[in-house]
Amino acid sequence: MADCVCLPSCIFFNDKMENMPAMAQMYKTKYCLEDSSRCARHMVFDKKGKDFVPKDLFPNQIERAKEIMK
Ligand code: SF4
């Protein structure tokens, strides 16, 4: 799988979020480097645009992403 297109500017991937989860490194591998289509941040980015992605949304927060995309 290819790297996520958001990777260079993503605040999660670049450790710019507050309260980075202990699992951050695992999420980076699972989502950012393997399958960004499953990432909550990427889903919102894709469907609504960059400006709609909350600063504190983590890749595994799919349910929250679905709420935002409604
Ligand atoms: S997969 Fe998600 S967290 Fe990773 S770089 Fe892309 S938008 Fe950011």
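Use the structure listed above.
What counts, and where the lines are drawn
- Residues numbered from 1 in each chain as written.
- Predicted model: local features only at pLDDT ≥ 70, side-chain atom pairs only at ≥ 80, totals over all residues.
- Heavy atoms only, no water.
- Near = heavy atom within 4 Å.
- Helix = DSSP H or I, 4+ residues; strand = E, 2+ residues; numbered from the N terminus.
- Nonpolar A, V, L, I, M, F, W, Y, C, P; charged D, E, K, R; others polar.
- Buried < 20%, exposed > 50% of the residue type's maximum accessible area, 1.4 Å probe, protein only.
- Salt bridge = Lys/Arg side-chain N within 4 Å of Asp/Glu carboxyl O.
- Phe/Tyr/Trp six-rings, centres within 6.5 Å; stacked < 30°, edge-to-face > 60°.
- Lys NZ or Arg CZ within 6 Å of the ring centre and 35° of its normal.

### Considerations on the site of the ligand
Link 1 in the chain: Around the ligand, the neighbouring residues are Cys-4, Cys-6, Leu-7, Cys-10, Phe-12, Tyr-31, Cys-32, Ser-36, Cys-39, Arg-41, His-42 and Pro-59.
Link 2 in the chain: Taken together, the elements giving at least two residues each to the shell around the ligand come down to helix H1 (24-32) and helix H2 (40-48).
Link 3 in the chain: Each residue belonging to the shell around the ligand can be placed in one class, and the counts come to 9 nonpolar, 2 polar and 1 charged.

### Concerning unusual backbone geometry
Link 1 in the chain: Positive phi is not limited to glycine here, since Asp-15 has a value of about 55°.
Link 2 in the chain: Relative to the elements of secondary structure, Asp-15 occurs in the segment before H1.

### Digging into the environment of Pro-59
Link 1 in the chain: One can find Pro-59 in the loop between H2 and helix H3 (62-69).
Link 2 in the chain: Classification of Pro-59 by relative accessible area gives buried; the value is 0%.
Link 3 in the chain: A C-alpha to C-alpha distance of 9.8 Å links Pro-59 and Phe-13, two positions 46 residues apart in sequence.

### Examining the pattern of salt bridges
Link 1 in the chain: As enumerated under the stated definition, the model contains 4 salt bridges in all.
Link 2 in the chain: Here Lys-28 makes a salt bridge to Asp-15, at a shortest N to O gap of 2.7 Å. Remark: Asp-15 occurs in the segment before H1 and Lys-28 occurs in helix H1; sequence separation between them is 13 residues.
Link 3 in the chain: Two residues, Glu-67 and Lys-70, come together in a salt bridge whose shortest N-O distance is 3.0 Å.

### Quick look at the packing of aromatic side chains
Pairs of aromatic rings are described using the distance from one ring centre to the other and the angle between the two planes.
Link 1 in the chain: In the structure shown here, the tally under the stated rule is 3 aromatic pairs.
Link 2 in the chain: Ring centres of Phe-12 and Tyr-27 lie 6.5 Å apart, and the angle between their planes is 40°; this geometry places the pair in the tilted category. Of this pair, Phe-12 sits in the segment before H1 while Tyr-27 sits in helix H1, placing them 15 residues apart in sequence. Across this residue pair, the class does not change: Phe-12 and Tyr-27 are buried.
Link 3 in the chain: Their ring planes at 80° and their centres at 6.2 Å tell us that Phe-12 and Phe-58 sit as a pair that is edge-to-face. Taken together, the positions of Phe-12 in the segment before H1 and Phe-58 in the loop between H2 and H3 put the pair 46 residues apart, joining distant regions of the chain.
Link 4 in the chain: We classify Phe-58 as buried; its relative accessible area is 13%.
Link 5 in the chain: Cluster of aromatic residues (ring-pair linked, three or more members): Phe-12, Tyr-27, Tyr-31 and Phe-58.
Link 6 in the chain: Taking the ring centre of Phe-52 as reference, the NZ or CZ of Lys-48 above it sits at 4.9 Å.

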